[in-house]
Amino acid sequence: MQHWRTGCFLIFVQKANCVGAKLFSSAKHLMNQVEYNSVQSTIPEIWNACGYLRLSREDGDKEESNSITGQKNLICDYFSRHPEMMICDMKIDDGFSGSSFDRPAFQEMMTDVKAGRINCIVVKDLSRFGRNYLDAGEYIERIFPFLGVRFIAINDNYDSLCRNTELDELIIPFKNLINEAYCRDISIKIRSQLEIKRKRGDFTGSFAVYGYLKDPKNKNHLLIDEFAADVVRDIFRWKIQGISASDIADRLNGDGILAPLDYKKSQGLRFATPFGINPHCAWNATTILRILKNFVYIGILEQGKNTTPSYKIKQRVVKPREEWNIVRGAHEAIIDEHDFEIVQKVLAMDTRTSPGNDAVELFSGMVYCGECGAAMVRKTIPSGKKKYIYYICAAHKNEKTCFAHSLRDCILEEIISESIKRQVQNILGKEKVLKLIKASALQQADVKKYQERLDKKNEEFGRYQRLLCSLYENLIDGVIDQAEYQKLKKNYTALLFEVQEQAEKIKTELMQIMESDTKGKNCIDQLKKYQNFTTLNRAAVVYFIEKIFIYKNKQIKIVYNWQDEYQWITERCLQIQNMTQLSEMGVQHGKNET
């Protein structure tokens with residue numbers, strides 16, 4: 001009896017729910033009908049229509065099917081079959097992603113809508129309107145009805161004026177969701193593919209940097225543009241000579257050299273940049289400094305410097321340098337690496353030009369006090385009709401915390417000039433001896449010695465690996481217990497890591513020996529540029545010298561840029577000479593015995 005009552009109650013509840021659902025459905029249908037009738041009563045006879053077109057490769061759009069021309073033809077054909085629509089405009093966003101509605105043409109269209117100039121929007125399909133599920137739904141279901149705008153998606157058979165409410169409430173959000181999922185999937189694939197390309201040294205930029213061209217056979221490889229490359233070389237050469245960035249820009253503008261933006265446009269490239277404000281761009285200090293600091297000119301590609309949090313958020317976020325994709329030797333260099341390093345050093349100095357001069361002083365930013373380490377500054381002292389220039393300690397001048405010592409600029413110039421001449425002659429005089437190093441028994445002996453050490457460490461590494469592998473077998477066989485196993489495993493693991501570190505260190509030293517002759521050769525090749533050096537200039541100073549220290553007793557210490565290379569060349573030459581002398585002594589001793 002109790003079960004029967006329970007069953008009857010459940011049947012009653014089910015019927016009540018069914019009746020309630022029908023009443024709710026009828027009420028909803030009635031409300032929609034009222035809404036539809038209210039809309040019908042305000043339907044205009046003529047619609048001020050606007051076609052909206054969009055294409056973006058970022059979304060994975062296929063040009064052959066979704067081209068702007070194809071969309072325009074489809075919309076125009078639709079207008080021709082609906083005389084109640086008057087074409088007011090065609091808004092086109094070419095190259096803008098559908099994941100965001102922050103598009104220029106779309107915003108212009110919405111401005112016209114709010115001004116009452118447009119009350120009907122026609123698109124090819126919902127994916128052309130947008131690929132953001134939430135925003136697209138907000139516009140279609142809330143904003144457009146509120147503004148009294150008729151929305152038509154031709155290929156999706158959607159017309160907000162003649163819609164099937166219940167069906168559209170299910171189908172339209174679902175289609176928008178599919179469009180967004182497609183956009184998300186394409187974004188992930190593009191990001192991963194670009195990351196792979198950057199890691200292997202492929203250039204992924206839309207336009208080649210100034211001084212380079214994209215290889216016609218491989219768009220991910222850069223070739224030197226000889227005309228622009230000559231301009232880049234001039235910029236670096238002038239900077240080494242001490243000319244400021246603004247003066248370099250003035251020289252290029254005076255010579256009629258096109259700025260990078262105008263040069264790209266003259267090559268027929270559709271290049272745009274947020275830095276360009278005027279219709280005709282000119283060289284400026286910012287552009288010059290950007291070129292001087294760009295590692296691309298020494299064959300290094302630095303890519304992946306910034307990113308976006310997701311495909312929906314277009315705000316750029318700068319990544320830490322350790323997360324950049326940096327590849328050396330990705331393309332042919334325009335600037336010598338040593339010259340590039342010198343320019344970076346010059347840029348880091350305080351190299352302001354004196355009033356009336358277009359270049360910095362000879363030793364600007366390079367002279368320091370040997371007593372306290374502070375910079376030495378130039379001071380001009382007039383005496384009658386003559387002017388005498390001295391270098392004095394800035395700490396003494398400003399705070400009186402150092403000794404009152406100074407040195408005439410002409411004396412310093414003479415000392416530096418003679419020192420550089422001696423250095424060049426000394427190193428170039430050892431070129432013949434240096435040529436013997438690569439084939440010398442000394443280098444061969446060093447290579448053999450380190451290779452034997454490396455082989456021995458590799459054998460030790462293999463032995464400890466085998467011991468580790470055998471430990472578990474000994475544990476299973478009962479040869480050792482658990483405590484002994486843990487202790488031996490810990491010891492062998494520590495030894496394994498120690499041997500591995502030692503092997504890496506030996507390998508590094510071996511590579512240094514094998515590459516040392518290349519460093520010496522590069523040093524000599526650079527010094528040959530100044531083998532006929534006569535007059536001291538800014539280029540020679542920054543090329544050879546890193547710092548100059550002046551002490552209170554007038555003693556001068558010069559720190560050269562090639563200090564390590566000079567020392568290596570000198571040591572190797574002495575070793576070769578000693579070996580040659582020993583060999584000659586051995587030969588002479590043999591002759592005497594004979």
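Residues numbered from 1 in each chain as written. Predicted model: local features only at pLDDT ≥ 70, side-chain atom pairs only at ≥ 80, totals over all residues. Heavy atoms only, no water.

If you tally the helices and strands in the protein chain, you get 19 helices and 17 strands. Carbon together with sulfur atoms contributes 53% to the accessible area of the protein chain, which is approximately 35,700 Å² in total. (Helix = DSSP H or I, 4+ residues; strand = E, 2+ residues; numbered from the N terminus. Areas by Shrake-Rupley, 256 points an atom, 1.4 Å probe, with all protein chains shown as cover.)

This part covers the sheet that holds strand β15 (residues 406-408). Judged by pairing direction, the sheet is antiparallel, and its 3 strands sit side by side in the order β13-β14-β15 without closing on themselves. Two strands bound the open sheet, and with one partner strand each, they are β13 (376-383) and β15. When strand polarity is set aside, the average angle formed by the axes of neighbouring strands in this sheet is 35 degrees. Alignment of β13 against strand β14 (residues 386-393), held across 8 bridges, turns out to be antiparallel. Of the residues in β14, the one forming a bridge with K379 is Y390. (Pairing = 2+ DSSP bridges. Axes fitted to C-alpha atoms, helices over the stretch in contact; angles between N-to-C directions.)

Turning our attention to the nonpolar core. Ranked by internal contacts, the top residues of the largest apolar core, which has 72 residues, are W283, Y297, F363 and L412. C50, F106, F129 and I140 belong to the second-largest nonpolar core, a separate cluster that totals 21 residues. (Core = buried A, V, L, I, M, F, W, Y, C linked by side-chain atoms within 4.5 Å. Buried < 20%, exposed > 50% of the residue type's maximum accessible area, 1.4 Å probe, protein only.)

Before going further, it helps to examine unusual backbone geometry. The phi dihedral of N157 is positive, around 55 degrees, even though this residue is not glycine. Mapped onto the elements, N157 comes out in the loop between β4 (150-153) and β5 (158-159).

The next point concerns the pairing of strand β1 (residues 47-55). Where burial is concerned, most of β1 is hidden: 8 out of the 9 residues are buried. One ladder, built from 9 bridges, connects β1 with strand β2 (residues 85-94); its direction is parallel. Bridging across to β2, C50 finds its partner in D89. Of the strand pairs in this sheet, β1 and strand β3 (residues 120-123) are connected by 3 bridges, and their pairing is parallel.

We now examine the environment of D102. With respect to the secondary-structure elements, D102 resides in the loop between β2 and α4 (104-114). For D102, a relative accessible area of 64% gives the class exposed. Sequence separation of D102 and K314 is 212 residues, and the distance between their C-alpha atoms is 9.6 Å.

What follows is about the side chain of R128. Structurally, R128 can be placed in helix α5 (residues 126-129). At a separation of 2.9 Å, a polar atom in the side chain of R128 contacts the main-chain carbonyl oxygen of R54. (Polar contact = N/O pair within 3.5 Å; in protein donor to acceptor, adjacent residues only side chain to side chain.)

This paragraph deals with the pairing of strand β17 (residues 556-560). Every other side chain in a regular strand lies on the same face of the sheet, so the side chains alternate between the two faces. Residues of β17 alternate between two faces, with I556, I558 and Y560 buried on one and K557 and V559 left unburied on the opposite face. Bridge count for strand β16 (residues 545-550) against β17 is 5 bridges, and the pairing is antiparallel. Looking at the pairing, I548 lines up with I558 of β17. The turn linking β16 back onto β17 is made up of 5 residues, and K554 within it adopts a positive phi angle of 75 degrees.

Across the interface, helix α8 (residues 226-240) lies against helix α9 (residues 245-254) with an axial gap of 10 Å and an inter-helix angle of 140 degrees. One way to sum up the angle between α8 and α9 is to call them oblique. Note on packing geometry: the crossing formed by α8 with α9 is right-handed. Between α8 and α9, the residues in contact are V231, I235, W238 and K239 and A245, I248, R251 and L252, respectively. Split into classes, the residues belonging to the contact of α8 with α9 amount to 6 nonpolar, no polar and 2 charged. (Parallel < 35°, antiparallel > 145°, perpendicular 65-115°, else oblique. Left-handed = near helix turned anticlockwise from the far one by under 90°. Contact = heavy atoms within 4.5 Å. Nonpolar A, V, L, I, M, F, W, Y, C, P; charged D, E, K, R; others polar.)

The next subject is the environment of S97. Here S97 is to be found in the loop between β2 and α4. Classification of S97 by relative accessible area gives buried; the value is 10%. Considered as a pair, S97 and R54 are 43 residues apart in the sequence and their alpha carbons are 8.3 Å apart. Among the polar contacts made by the side chain of S97, one reaches the side chain of S99 at a distance of 2.9 Å.

So, about the confidence of the model for the protein chain. For the protein chain, mean pLDDT is 78; residues scoring 70 or higher make up 75% of the total. Mean pLDDT values over the elements of the protein chain span from 40, in helix α1 (residues 2-41), up to 95, in β3. Segment residues 1-41 is flagged for pLDDT under 50; beyond a separation of four residues in sequence, or across chains, it makes 7 contacts in the model. (pLDDT = per-residue confidence, 0-100.)

What follows concerns the packing of aromatic side chains. Here the structure, examined in full by the defined rule, presents 23 aromatic pairs. Ring geometry for Y212 versus Y297: centroids 6.2 Å apart, planes at 20 degrees, classification stacked. Remark: Y297 occurs in the loop between α11 (285-292) and β8 (301-303) and Y212 occurs in strand β6 (residues 212-215); sequence separation between them is 85 residues. By relative accessible area, Y212 is classed as buried at 4%. Residue Y297 is classed as buried on the basis of its relative accessible area of 1%. Aromatic ring contacts, followed pair by pair, group Y52, F101, F106, F129, Y139, F144, F151 and Y158 into a single cluster. Seen from the ring of Y368, K547 lies directly overhead, with NZ or CZ sitting 5.3 Å from the centre. (Phe/Tyr/Trp six-rings, centres within 6.5 Å; stacked < 30°, edge-to-face > 60°. Lys NZ or Arg CZ within 6 Å of the ring centre and 35° of its normal.)

Here we take up the sheet that holds β4. What the 5 strands build is an open sheet, ordered β2-β1-β3-β4-β5; its pairing is mixed. Here the strands that pair on one side only, and so sit at the sheet edges, are β2 and β5. Sheet contacts for helix α3 (residues 68-80): β1, β2, β3, β4 and β5; angle to β1, the most-contacted strand, approximately 160 degrees. The strands touched by α4 within the sheet are β1, β2 and β3, with β2 carrying the most contacts at an inclination of about 150 degrees.

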